[in-house]
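# Remarks on the overall topology
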Protein chains: 2
Amino acid sequence: MADPAAVSAPDAPAPSLSDPAYRSSIVDLLGVLAYTELSAFHRLAADAALAPSLGDRAAISAMAVAEFRHFRALADRLVELGADEQEAMEPFVAPVDAFHESTAPADWLEGLMKAYVGDGVGADFYREVAAHLDPATARLVTDVVADTGQSGFVVATLRAAIAADPPVAGRLALWGRRLVGEMLAQAQIVVGEREGLSALVVGGLDGRLLPQLDLAETARMFHRLTEAHTARMQALGLSA
Amino acid sequence: MADPAAVSAPDAPAPSLSDPAYRSSIVDLLGVLAYTELSAFHRLAADAALAPSLGDRAAISAMAVAEFRHFRALADRLVELGADEQEAMEPFVAPVDAFHESTAPADWLEGLMKAYVGDGVGADFYREVAAHLDPATARLVTDVVADTGQSGFVVATLRAAIAADPPVAGRLALWGRRLVGEMLAQAQIVVGEREGLSALVVGGLDGRLLPQLDLAETARMFHRLTEAHTARMQALGLSA
């Protein structure tokens, strides 16, 4: 992760919720994360219909339930901040739904791969963003990431499927590439359209980064996310 | 509820899991309840797509998550008893799925009504059955019922919809009648096909009821379930 101290003014204030611009950015951030988790809950619950056994169905359902818990924690924080949870999520419904429509899994393994890639890239993104937040919001975002659900089940199932039918690896590698591409493309659109979100993601609002660094810093963050994704694909024995 | 003491042998033993016939009935009972809860989770999560607002979607999703919690508690008990949770659920997949296919809600209100009727009749049935169980299993079944989820949301939403559009009452009353009919019919088929379940539901296995009372007792139980359902429909201002 880049060291923001390198470009800080020595007396830069920590971000505070009493700053209206920062607060509005936080409402945007919690809104997009909350809707992302709520829709992940529904997609995973729907993917359960593809499960080859009752045990697999129970396991993916447990993952869906973990996403709902994340949604609830983020939405509760919106309410604590005096925001309306529905209003905060509303601007992000269309892009998140569009992402899911363009990446509907064709079968059980594609659904698992989507959960694996989505959780992995999502967790990395949460950690990147947490570095720019006030302590209370940073703690919430970090707690949500720490509740990682059951990715052990996903990794074991994908590995076993690849071992049982090696040609499946090529298809899944391609699918993983497509998923991360669509995910980062959608993220860039969303961040680009919401000024406060953009400032937050690359640290512009905490007074420690100079505005002209935003573009370069965004590019670096996307590079870090892609590198970590590659490592996760390799952990499955797939080329990213 | 009928008083089993009235027909008890004075020295009747309490039901015990060391009795293989009783244990096998309990595995059947936990299996059918667990699969009912797991499929309720999936149906409610799918019904969320019908929700008119993000708030409604979050509320019905929370109800789905409560059903998953019930599933997990029942399945964990199966594992504690040394049973295989998948095997225990397997015999009940076809009838429970058939029930859901024959009662797919056409819209949001029908989905809520199904949740309301299903939770209500289900809770009454759990309480009836708990009276015939060993203390540990009875406690589990009672705890699951006590975790009632958010039926306040369902009642408030249905009442508001009926107030806003009174003709909707007739359609929902008819739908409620159909739901309880299908539910009791399916329950009778399932209980009839599994001898151990039948003995358990009407108390034949605890040694306190005479076998020839089974039919009459089953009829009385179904009568009590129907009466309680009528009272719940009246609470919504609907005739059952």
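### Quick word on the overall build of chain A
Looking only at helices and strands, chain A has 9 helices and 0 strands in total. In sequence order, chain A lays out its α and β elements as α-α-α-α-α-α-α-α-α. Burial status across chain A gives 52% buried among its 240 residues. Carbon and sulfur atoms form 59% of the exposed surface of chain A, whose accessible area is close to 10,300 Å².

### Observations concerning the relation of the copies chain B and chain A
When chain B is brought onto chain A, the operation consists of a screw motion whose angular component is 180° and whose axial shift is 0.0 Å, with 0.0 Å RMSD remaining. Both chain copies can therefore be described as sitting about a two-fold axis.

### Points about the packing of aromatic side chains
Under the criterion given, the structure shown has 7 aromatic pairs over all chains. With 5.4 Å between their ring centres and 50° between their planes, Phe68 of chain A and Phe71 of chain A make a pair best called tilted. With Phe68 of chain A and Phe71 of chain A both in helix H2 (residues 54-80) and 3 residues apart, the pair spans about one turn of that helix. The same class applies to Phe68 of chain A and to Phe71 of chain A, which are both buried. Site record: aromatic cluster; members linked through ring pairs are Phe41, Phe68 and Phe71 of chain A together with Phe41, Phe68 and Phe71 of chain B.

### Here's the deal with the interface of chain B and chain A
Of the residues lining the interface, 23 residues belong to chain B; the matching set on chain A comes to 23 residues. Summed over the three residues of chain B that lose the most area to chain A, namely His42, Leu54 and Arg57 of chain B, the buried surface amounts to 32% of that side. One can count 0 salt bridges joining chain B with chain A. Remark: the boundary between chain B and chain A carries 6 residue pairs in polar contact (both at pLDDT 80 or more). Contributions of two or more residues to the side of chain B that touches chain A are made by helix H1 (20-47), helix H2 (54-80) and helix H3 (85-89) of chain B. Counting residues per element, the side of chain B that touches chain A draws most heavily on H2 of chain B, at 10 residues. Residues that form the side of chain B that touches chain A fall into these classes: 14 nonpolar, 6 polar and 3 charged.

### Topic: the environment of Ala173 of chain B
Residues and elements named next belong to chain B. Tracing the sequence through the fold places Ala173 in helix H8 (residues 168-193). For Ala173, a relative accessible area of 5% translates into the label buried. Taking the C-alpha atoms as reference points, Ala173 and Gln234, 61 residues apart in sequence, are found 9.6 Å from one another. Contact partners of Ala173, with chain neighbours within four places excluded, come to Met233, Leu238 and Ser239.

### A few points about the confidence of the model for chain A
All names here are of chain A. Summarising the model, chain A shows a mean pLDDT of 85, and 86% of its residues fall at 70 or more. Confidence over residues 207-213 falls short of pLDDT 50; this stretch has 12 contacts with residues more than four positions distant or in other chains. Two numbers describe this predicted complex: its pTM, 0.86, and its ipTM, 0.83.

### Remarks on the side chain of Ser61 of chain A
Along the chain, the position of Ser61 of chain A falls in helix H2. On the basis of relative accessibility, which here comes to 0%, the residue Ser61 of chain A falls in the buried class. If sequence neighbours within four positions are ignored, Ser61 of chain A has contacts with Ala48 of chain A together with Leu38, Phe41, His42 and Phe68 of chain B.

### Brief notes about helix H3 (residues 85-102) of chain A
For the α-helix, the turn length of 3.6 residues means that residues three or four positions removed from each other point alike. A rise of 1.5 Å per residue sets the reference length of H3 of chain A, with its 18 residues, at 26 Å; its end C-alpha atoms lie 26 Å apart and thus fit the reference within 8%. Bending of H3 of chain A peaks at approximately 45° at the position of Phe92 of chain A, with proline Pro95 of chain A no more than four residues after it. Looking at H3 of chain A, one finds that the buried residues are Glu85, Ala88, Met89, Phe92, Val93, Pro95, Val96, Asp97, Phe99 and His100 of chain A. Each element contacted by the buried residues of H3 of chain A is listed here: helix H1 (20-47), H2, helix H4 (108-130), helix H7 (168-193) and helix H8 (195-201) of chain A together with H2 of chain B. Between the side-chain oxygen of the N-cap and the backbone nitrogen of Gln86 of chain A there are 3.0 Å, and the N-cap of H3 of chain A in question is Asp84 of chain A.

### A few points about helix H6 (residues 151-164) of chain A
For H6 of chain A, which comprises 14 residues, the first-to-last C-alpha distance of 20 Å matches the rise-based estimate of 20 Å (1.5 Å per residue) to within 8%. Among the residues of H6 of chain A, Val154, Val155, Thr157, Leu158, Ala161 and Ile162 of chain A are the ones counted as buried.

### Overview of the packing of H1 of chain B against helix H4 (residues 93-102) of chain B
Residues and elements named next belong to chain B. For the pair H1 and H4, interaxial distance at closest approach is 10 Å and the crossing angle is 35°. Considering how the two elements wind past one another, H1 and H4 form a crossing that is right-handed. In contact with Tyr35, Thr36, Ser39, Ala40 and Arg43 of H1, H4 contributes Val93, Val96, Asp97, His100 and Glu101. Of the residues belonging to the contact of H1 with H4, the class tally is 4 nonpolar, 3 polar and 3 charged.

So, how was this worked out
Residues numbered from 1 in each chain as written. Chains lettered and ligands numbered in written order. Predicted model: local features only at pLDDT ≥ 70, side-chain atom pairs only at ≥ 80, totals over all residues. Heavy atoms only, no water. Helix = DSSP H or I, 4+ residues; strand = E, 2+ residues; numbered from the N terminus. Buried < 20%, exposed > 50% of the residue type's maximum accessible area, 1.4 Å probe, protein only. Areas by Shrake-Rupley, 256 points an atom, 1.4 Å probe, with all protein chains shown as cover. Least-squares fit on C-alpha atoms with pLDDT ≥ 70 in both. Phe/Tyr/Trp six-rings, centres within 6.5 Å; stacked < 30°, edge-to-face > 60°. Contact = heavy atoms within 4.5 Å. Buried area = accessible area lost by both parts, 1.4 Å probe. Salt bridge = Lys/Arg side-chain N within 4 Å of Asp/Glu carboxyl O. Polar contact = N/O pair within 3.5 Å; in protein donor to acceptor, adjacent residues only side chain to side chain. Nonpolar A, V, L, I, M, F, W, Y, C, P; charged D, E, K, R; others polar. pLDDT = per-residue confidence, 0-100. Expected span 1.5 Å × (residues − 1). Bend = angle between axes of the 7 residues up to and from the residue. Axes fitted to C-alpha atoms, helices over the stretch in contact; angles between N-to-C directions. Left-handed = near helix turned anticlockwise from the far one by under 90°.

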